[in-house]
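Given next are the chains, with one letter for each unit.
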Number of protein chains: 2
Amino acid sequence: MTEYILPLQKLIEEFCRLPGVGKKTAVRYAFSVLGMTEDEVESFACAVVNAKKNVQACEVCGNLSDKPLCAICSDEKRDRKIVCVVEDAKTVMALEKVKEYNGTYHVLGGAISPMNGVSPSDLRIKELITRIGSGEIEEVILATNPNIEGETTAMYLSKLISPLGVRVTRLAYGVPVGADLEYADEVTLLRALDGRRDLK
Amino acid sequence: MTEYILPLQKLIEEFCRLPGVGKKTAVRYAFSVLGMTEDEVESFACAVVNAKKNVQACEVCGNLSDKPLCAICSDEKRDRKIVCVVEDAKTVMALEKVKEYNGTYHVLGGAISPMNGVSPSDLRIKELITRIGSGEIEEVILATNPNIEGETTAMYLSKLISPLGVRVTRLAYGVPVGADLEYADEVTLLRALDGRRDLK
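Residues numbered from 1 in each chain as written. Chains lettered and ligands numbered in written order. Predicted model: local features only at pLDDT ≥ 70, side-chain atom pairs only at ≥ 80, totals over all residues. Heavy atoms only, no water.

(A) Just the packing of aromatic side chains, in detail. All told, the structure shown has seven aromatic pairs over all chains when counted by the stated rule. Between the aromatic rings of Phe15 of chain A and Tyr29 of chain A, the centroid separation amounts to 5.5 Å while the plane-to-plane angle is 70°, which identifies the pairing as edge-to-face. Of this pair, Phe15 of chain A sits in helix α1 (residues 6-16) while Tyr29 of chain A is found in helix α2 (residues 23-34), placing the two residues 14 residues apart along the sequence. Residue class for Tyr29 of chain A comes out buried when judged on its relative accessible area of 3%. An aromatic cluster is built from Phe15, Tyr29 and Phe44 of chain A together with Phe15, Tyr29 and Phe44 of chain B, whose rings are joined through pairwise contacts. Stacked on the ring of Tyr173 of chain A, the Lys or Arg Arg191 of chain A has its end atom at 4.3 Å from the ring centre. (Phe/Tyr/Trp six-rings, centres within 6.5 Å; stacked < 30°, edge-to-face > 60°. Helix = DSSP H or I, 4+ residues; strand = E, 2+ residues; numbered from the N terminus. Buried < 20%, exposed > 50% of the residue type's maximum accessible area, 1.4 Å probe, protein only. Lys NZ or Arg CZ within 6 Å of the ring centre and 35° of its normal.)

Listed below in structure tokens is the structure:
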């Protein structure tokens, strides 16, 4: 089985841990590492260790941060009255790219999924309720993914938060911009029809 | 530009160095690193550094090795009368998988390519001539890649080695096993016709 010399074999196995990387890709990556200079390799290894060591979850919102409080939570200009609830930090970055939303976030760390053994207690829901309890928040935007798990989570949170007297909203469903209606699925089209708006 | 926090941004940039890895894939890899345990991350970084540190070129053939002499050169059972000349260590591994060849190898470290500024003096050709000069070698198989650079290199080596009195051979050209003749290119078909053999 060890067709490669040990240090190379080990590196190939490590690259195989990365998502979507199979044997052939891992071999290609491993050889490219051999082709780097010593400094480049050192810097690569350091980046891997440092990312893990220095990236932590923000104490307030759970977003990725290199300080106890993330850049968004520590930004004075952000509107603390609105909280956007997302499944993971990647969604925060996607929404931040839009450069339109000026509220804060709350990262759940996943979505309710009985199939995968994720129950509400595994998510940062208690922290969200505590934040709402502080009285500053006026609107909670549920921005979980538009799939079964995300929907379930949004429903669950909606029922939990509504009685607390804050406005609970959900991202709009509809046809994505630039898409071809011909290829849109029925459910999306149905939602787009349901949510149609008057042209002024 | 820094949409990601610094340690993450750094890791994404490092992943972008790998062949065929763009921004999106690098982000995916970086997040998967964040999802690993500390031990896994440590082991990943170590594998990167160790591969670079412990993998060297074999003193005799130039193949990848974790010792001064590679596993093939230090194997007593190998036939030192035949040397297979290849462009890189990856080809050695590909040929070793066949489990048929029992000779030794000589890794050139590339192919002659005036376009990319690779001249014969950049390759391990002098070392090959020295090995042939020792008198042990009876046959040199030229297994450079079947493309312009590989062909040029094979021609060059053939002219250089033939006068030394050793047999010089080249891998057979033809249609690859399992391929569809309909899709084979003209040059390959021509070579396959040229090299046709009698069925006994």
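Moving on from the coordinates now.
(B) Geometry of the relation of the copies chain B and chain A. Superposing chain B onto chain A takes a rotation of 180° plus a shift of 0.0 Å along the axis, which leaves an RMSD of 0.0 Å. These values place the two chain copies in the arrangement generated by a two-fold rotation axis. Within chain B, the C-alpha atom positioned nearest to the axis of rotation is that of Ala45 of chain B, 2.3 Å from it. In this assembly, 100% of the residues forming the interface of chain B have copies in chain A that are likewise at the interface, indicating an isologous arrangement. (Least-squares fit on C-alpha atoms with pLDDT ≥ 70 in both. Contact = heavy atoms within 4.5 Å.)

(C) Representation of the interface of chain B and chain A. The partner chain A presents 44 residues to the 44 residues of chain B that form the contact. Interface of chain B and chain A: buried area, both sides summed, is about 4,300 Å²; carbon and sulfur atoms make up 75% of it. Where chain B meets chain A, there are two salt bridges. The partner of Arg17 of chain B in a salt bridge is Glu40 of chain A, and the shortest N-O contact between them spans 3.3 Å. (Buried area = accessible area lost by both parts, 1.4 Å probe. Salt bridge = Lys/Arg side-chain N within 4 Å of Asp/Glu carboxyl O.)

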